[in-house]
Amino acid sequence: MIMVKKAISLQLLVFVILFFVAGLIVFIPSASAQKKKKRKIGVEVGQAHIVLTNDDETSRYRIILPAAPTENESKAARILQDYLIRISGAVLPVITADKATSAYEIVLGQNERLDELDLGINLNDLKKDGFVIITDSLRLVIAGGSENGTLYGVYTLLEKYLGCRMYSPDVKVIPEQKMIVLEEIYDLQIPVMNIRTTHYRVTWDAEYIDWHKLNHNEQGGRPDWGMWVHTFHALVPPDVYFSEHPEYYSQVNGKRIPTQLCLTNPEVLKITIQNLRKKIAQNPEATYWSVSQNDNRDFCTCEKCRAIDEQEGSPSGSIINFVNQVAEQFPEKMISTLAYEYGRKAPRNLRPMENVNIMLCSIEIFRHKSIEDDPASADFMEDVVAWGKIAKDIIVWDYVIQFPNLISPFPNLHVLQPNIQFFVKNGVTSMFEQGNREVGGEFAELRAYLISKLLWNPGEDVEVLMNDFLNGYYGAAGPSIRRYIDEMRIAQLESGAPLRIFGSPNEADTSYLTPALLDRYEYLFDQAEAIVADSAELLERVRIARLPLEFAIMEQAKKKYTGERGLFHKVNGNWEVRTEIRSRIDPFTDLCVRQGVTRVKEWSTSPDEYRSSMYRLFAQGMKEHLAFGKKVTLISPDSLALAPGAVNMLTDGIRGGHDYAYNWLGFSGKNLEVIIDLEDVKQVRRIESAYFQYGYWLRLFPSNVEYFISMDGKKFVPVGNIENTLPIDQYGGQQRDFIAEFHPQPARYVKVIAHTIGNTPDWHPGAGRPANMLVDEIVVE
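Computed from a predicted structure; not experimentally measured. Every chain begins its residue count from 1, and numbering advances along the sequence as written. Under the rules for a predicted model, residues below a pLDDT of 70 receive no local features and side-chain atom pairs below 80 are neither given nor counted, while totals for whole chains, interfaces and linings still include all residues. Side-chain figures throughout are based on the complete set of non-hydrogen atoms in the structure, without hydrogens or water.

Colleague: Account for the overall build of the protein, with residues named and values stated.
Modeller: Helix and strand counts for the protein come out as 20 helices and 29 strands. Taken over the C-alpha atoms alone, the protein extends approximately 110 × 70 × 40 Å along its principal axes. The contacts of the protein with a sequence gap of at least 6 include a subset with a gap of at least 24, amounting to 74%. Here the accessible surface of atoms and residues is derived via Shrake-Rupley with a 1.4 Å probe, and residues count as covered only by protein chains that are part of the display. Split by element, the accessible area of the protein, about 31800 Å² in all, is 50% carbon and sulfur. Within this scheme the basic residues Lys and Arg register as positive and the acidic residues Asp and Glu register as negative, but His and the chain ends are omitted. Just so you know, the charge point we use is NZ for Lys, CZ for Arg, CG for Asp and CD for Glu. Charged side chains in the protein number 84 positive and 101 negative. The centres of these two groups are separated by 1 Å. By the criteria applied, helices consist of DSSP H or I runs no shorter than four residues and strands consist of E runs no shorter than two, each listed in order from the N terminus. The contact rule is simple, with two residues in contact once any of their heavy atoms fall within 4.5 Å.

Quick look at the structure:
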């Protein structure tokens, strides 16, 4: 506990003076004191009060480093010195233990003074990152583990005992406290997680990483990892081996395709070991090396691989069998592999070697309830428990964001703590919380803050943490934003609807983003903005927090398209863009740009691209063209491959936007071939159809689109053949209109054939799998 006082009573002043005088005599360690029986960690020791700094900006204290300090210990001393200056104005000199003569000491690190002081600290108990903060007599001791412990201890002193905060790299609280008085402290902290990392750009700041005790670096990388994940292709590259040795790769449906490795092929093992040895030689300091499946589900089902998998009850059988053999060759390294999707279930009999790390992924579970409270997570729970019984080193790759909509309301904050606690209880030693790899996102700063705190200490009081952050970061608007968070969480839970990481604000329009709730949320944010209207800085933060609500309103308008809350409404018989929606897009985009937001969707769609997509919809409008509402006959693909009535979206007048999940007709591996009956003979001069490409998810443009017209529906005349000229070797999202214009001709029937490119190209992680096609409105004019 800290007592910060601008002035102290006369009694306390007299007490402090007498104590200082006594300290000059009593607290110099004597020979008898050094022979005392050592205390064990956990025993409370020390002095009731330490006055670190005086109200006249002076201090008797010195910061004492070991005689030969490590880089991190020296860094810790500089940080402590700097912050004490900023807090109190007092300058505390930094000296080494061999030059220390006073009892007024702040003893840092694995210091020789610890033996002299006889505090009973076993530094080995602190491991790499643990620390202990102790007040003993006149001394303050911050002793840390072998790597970052002392540094973490200093930041804990600043935050927990001196009232400092780092809510984000740009928002820090450093209270002014001329006199710093510490009551008795015994604070031992040893993390249960060895690796603590998250994907939020706000955490990619050197001081934020140290302050919040994270393990990644300023680029989001992990220095202790030589290879991170999905490495089969990197270790046995298909562009090097596949053409001559297809047997090195997966056999799927009787055919070899370069999606995964054939894990029972001895040559594959040999090449993997050789190439991994080369990579380790290039980065010998890294401990963890991933030998793990690629990001697709097409694992090998050849006779030998299938035999192991059937015996072990899971494709993890062939994975662990293979990875164990690799790990045998590198006993000094940790070989990591994935328990992900098809390989998530633990094998029946095989056991990972001591130096095999299991990276267990939670991609399938819902996020509205904690893992232990959600019956739908029962299978995942069983897998976590099973791996916890057989693996010595487990890192969980957890997902805490809605990937298709990075800037969208996602009420999952209440499950962060219970899920982390569940993992710890079942032997998980490390965690990677995958949030937003891009800049920004819904409550990015709050999420990063809570996750960082919980990874260090899963038992933290989340309510206290959240309120402290909201009130510190948003000022007087904090309570309104807290009500917004709470009311959305309650609405989600009461709805009974699942919360998916691949969901959307449109999926939530009957649960936590109903029209009535959107109006309520707008009221809460109007209230929050009004409260901080006099502070441009706080107002900007509140408006950034509001971006997900604005995004949800616009996305739902795109799905509804017309009428109340849609994009368009009729005015005097004509379709017009609703002013309420048009007026939102530019402020939304401009604020995203000011904040530095890079994407609104994973892998694609910058804020400006989102604005362009919206203006594309505005320009296309709601057209009642010649084919509007007309019957569509599907020739290809088979109608059974589509939802009932799905083909009607090709002539419903509703255009697709940046999100391929809405208003786009999707199917796999086939040409599109449809015939539209215009019902009467019309003069036709223009036919267009739109297509969406999102390479990461195997959704690719057609190679070409052909257009035909007919009077009788039997004999068709070609009127256009449009080739695709845009590249398909990109992971981002793109839209393209394939347009044919020609001299007006009479026609009753229109045929469209869009030709698939076939299988996914070799460069794609899903190489050899059928490409998907996404098509939207067929416009006839």
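Colleague: I'd love a proper account of the side chain of S504, names of residues and values included.
Modeller: Relative to the helices and strands, S504 is located in the loop between α16 (478-495) and α17 (515-531). Polar contact is the term for a pair of N or O atoms within 3.5 Å; when the atoms are in protein, one must be able to donate a hydrogen and the other to accept it, and sequence-neighboring residues count only if both atoms are side-chain atoms. Reaching out from S504, the side chain makes a polar contact with the backbone nitrogen of E507 at a distance of 3.1 Å. If we skip the residues at most four places from it in the chain, S504 touches Q402, N405 and Y662.

Colleague: Please set out the sheet that holds strand β7 (residues 139-144) residue by residue, giving values where relevant.
Modeller: One open sheet holds the six strands; their spatial order is β4-β3-β5-β7-β6-β11, and the pairing between them is mixed. Each end of this open sheet is capped by a strand with a single partner; those strands are β4 (94-96) and β11 (186-189). Direction aside, the axes of adjacent strands within the sheet are offset by 20° on average. Paired strands are those between which DSSP finds at least two bridges. Examined bridge by bridge, strand β3 (residues 62-65) and strand β5 (residues 105-108) share three bridges and lie parallel to one another. Residue pairing in the sheet places I64 in a bridge with V107 of β5. To get an axis, a line is fitted to the C-alpha atoms, and for a helix only the part in contact is used. The angle between two axes follows their N-to-C directions and goes from 0 to 180 degrees. Packed onto the sheet, helix α3 (residues 71-88) meets β3, β4 and β5 and runs at close to 170° relative to β3.

Colleague: Quick rundown of the nonpolar core? Include the residues and the values.
Modeller: Core analysis: the largest hydrophobic core is formed by 176 residues, its most contacted members being I106, L158, L276 and Y474. Looking at this core, the element that brings in the most residues is helix α18 (residues 536-560), giving 11 residues. Beyond its immediate chain neighbours, meaning those up to four positions away, L158 contacts I79, L80, Y83, I87, G163 and C164. Nonpolar cores are built from buried Ala, Val, Leu, Ile, Met, Phe, Trp, Tyr and Cys residues. Side-chain atoms within 4.5 Å join them into one set. Exposed residues in this analysis have more than 50% of their type's maximum accessible area, buried residues have under 20%, and partly exposed residues fall in between, with area computed by a 1.4 Å probe over protein chains only.

Colleague: Talk me through the sheet that holds strand β20 (residues 430-436); I want residue IDs and the actual numbers.
Modeller: Taken together, the seven strands give an open sheet; going across it, the order is β12-β20-β19-β18-β17-β16-β13, and neighbouring strands pair in parallel fashion. Strands with a single pairing partner mark the edges of an open sheet, and in this sheet they are β12 (195-200) and β13 (225-227). Neighbour-to-neighbour, the strand axes of the sheet open up by a mean angle of 20°, direction not taken into account. Packed onto the sheet, helix α12 (residues 378-390) meets β17 (334-339), β18 (356-361) and β19 (393-399) and runs at close to 170° relative to β18.

Colleague: A description of the pairing of strand β29 (residues 772-780) should follow, citing residues and the corresponding values.
Modeller: Within β29, nine of the nine residues are buried, which leaves the element mostly enclosed by the surrounding structure. Across four bridges, strand β24 (residues 665-668) lies against β29 in antiparallel orientation. The partner of L665 across the bridge, within β29, is V775. One ladder, built from four bridges, connects strand β25 (residues 672-694) with β29; its direction is antiparallel.

Colleague: I'd like a rundown of the environment of G621, residues and numbers included.
Modeller: Locating G621 in the fold gives a position in the loop between α20 (607-620) and β23 (632-636). Classification of G621 as buried rests on a relative accessible area of 11%. Separated by 89 residues in sequence, G621 and V532 place their C-alpha atoms 38 Å apart.

Colleague: Requested: an account of helix α14 (residues 444-456), with residues and values cited.
Modeller: Residues that lie three or four places apart on an α-helix share one face, since the helix turns once every 3.6 residues. The span you would expect from a helix comes to 1.5 Å times its residue count less one. The end-to-end C-alpha distance of α14, which contains 13 residues, comes to 18 Å, matching closely the 18 Å that a straight helix rising 1.5 Å per residue would cover. Most of α14 is tucked away: 13 of the 13 residues are buried.

Colleague: Provide a residue-level description of the packing of helix α10 (residues 303-312) against helix α11 (residues 316-328), including the pertinent values.
Modeller: Contact geometry for α10 and α11: axes closest at 7 Å, N-to-C directions at 110°. Here α10 is positioned roughly perpendicular relative to α11, judged by the angle of their axes. Residues C305, I308, D309 and E312 of α10 lie in contact with α11, whose contacting residues are G317, S318 and N321. Residue type decides the class: Asp, Glu, Lys and Arg count as charged, Ala, Val, Leu, Ile, Met, Phe, Trp, Tyr, Cys and Pro as nonpolar, and the leftover types, Gly among them, as polar. Looking at side-chain class alone, the contact of α10 with α11 contains two nonpolar, three polar and two charged residues. Working definition: roughly parallel below 35 degrees, roughly antiparallel above 145 degrees, roughly perpendicular at 65 to 115 degrees, and oblique for all remaining angles.

Colleague: Go over the environment of P479, please, and point to the residues and values.
Modeller: Tracing the backbone through its elements, the reader meets P479 in helix α16. Residue P479 is classed as partly exposed on the basis of its relative accessible area, which comes to 40%. It is 8.3 Å that separates the C-alpha atoms of P479 and A528, two residues lying 49 residues apart in sequence.

Colleague: Summarise unusual backbone geometry; cite the residues concerned and give the values.
Modeller: The residue after S636, namely P637, is reached through a cis peptide bond having omega 5°. The residue P637 is located in the loop between β23 and β24 in this model. Positive phi is not limited to glycine here, since W603 has a value of about 75°. Within the secondary structure, W603 sits in the loop between α19 (579-595) and α20. In this model, N663 sits at a positive phi of 65°, which is unusual for a non-glycine residue. Here N663 is to be found in the loop between β23 and β24. For N663, a relative accessible area of 17% gives the class buried.

Colleague: Describe the side chain of D309, naming the residues involved and giving the relevant values.
Modeller: Summarising the element assignment, D309 is placed in helix α10. Engagement of the side chain of D309 in a polar contact is seen with the side chain of S318, the distance being 2.8 Å.

Colleague: Quick one: what's the story with α12, residue by residue and with numbers?
Modeller: In this model, α12 (13 residues) spans 19 Å end to end at C-alpha, consistent with the 18 Å of a helix rising 1.5 Å per residue. All of the buried residues along α12 are F380, D383, V384, W387 and I390. Buried residues in α12, looked at end-on, bunch into an arc of 140°, giving them a common side. Residues of α12 that are exposed and point more than 90 degrees away from the buried face comprise E382 and K389. Those residues of α12 that are buried are in contact with α11, β17, β18, β19 and α13 (416-425). Taken from the helix axis, the directions to the C-beta atoms give the arc we talk about.

Colleague: Please give an account of the packing of aromatic side chains that cites residues and values.
Modeller: Each pair of aromatic rings taken from Phe, Tyr and Trp, with Trp reduced to its six-membered ring, is defined by centres within 6.5 Å and is described as stacked if the planes are under 30 degrees apart, edge-to-face if over 60, and tilted in the remaining cases. Per the stated rule, a full pass over the model turns up 37 aromatic pairs. With centroids separated by 5.3 Å and ring planes inclined at 85°, the aromatic side chains of W228 and F432 adopt a geometry described as edge-to-face. On the criterion of sequence distance, the pair formed by W228 in the loop between β13 and α7 (232-235) and F432 in strand β20 is long-range, its members being 204 residues apart. Residue F432 is classed as buried on the basis of its relative accessible area of 1%. Between Y561 and F568, the aromatic rings sit 5.1 Å apart at their centres with planes inclined by 55°, giving tilted as the arrangement. For the pair Y561 and F568, one class covers both residues: buried. Within the aromatic cluster, the residues linked to one another by ring pairs are W225, W228, Y288, W397, Y399, F403, F432 and F502. A cation sits over an aromatic face here: R86 above Y83, 4.3 Å from the ring centre. Whether a charge lies above a ring is judged from NZ of Lys or CZ of Arg, which has to be within 6 Å of the ring centre and within 35 degrees of the ring normal. Against the face of W228 rests R222, its NZ or CZ located 3.7 Å from the ring centre.

Colleague: I'd love a proper account of the pattern of salt bridges, names of residues and values included.
Modeller: A pairing counts as a salt bridge when a side-chain nitrogen of Lys or Arg comes within 4 Å of a carboxyl oxygen of Asp or Glu. Tallied over the full model, the rule gives 50 salt bridges. A salt bridge links K425 to E372, with the shortest nitrogen-to-oxygen separation between them at 2.7 Å. Of this pair, K425 sits in helix α13 while E372 sits in the loop between β18 and α12; the two residues are 53 residues apart in sequence, bridging distant segments of the chain. Salt-bridge contacts for K601 lead to D659; the nearest nitrogen and oxygen are separated by 3.5 Å. Of this pair, K601 sits in the loop between α19 and α20 while D659 sits in the loop between β23 and β24, and the two are 58 residues apart along the sequence. For K601, a relative accessible area of 2% gives the class buried. Residue class for D659 comes out buried when judged on its relative accessible area of 6%. Look at the salt bridges and you will find they share partners, linking E522, D526, E529, R543, R546, E550, R578, E580 and R584 into a network.

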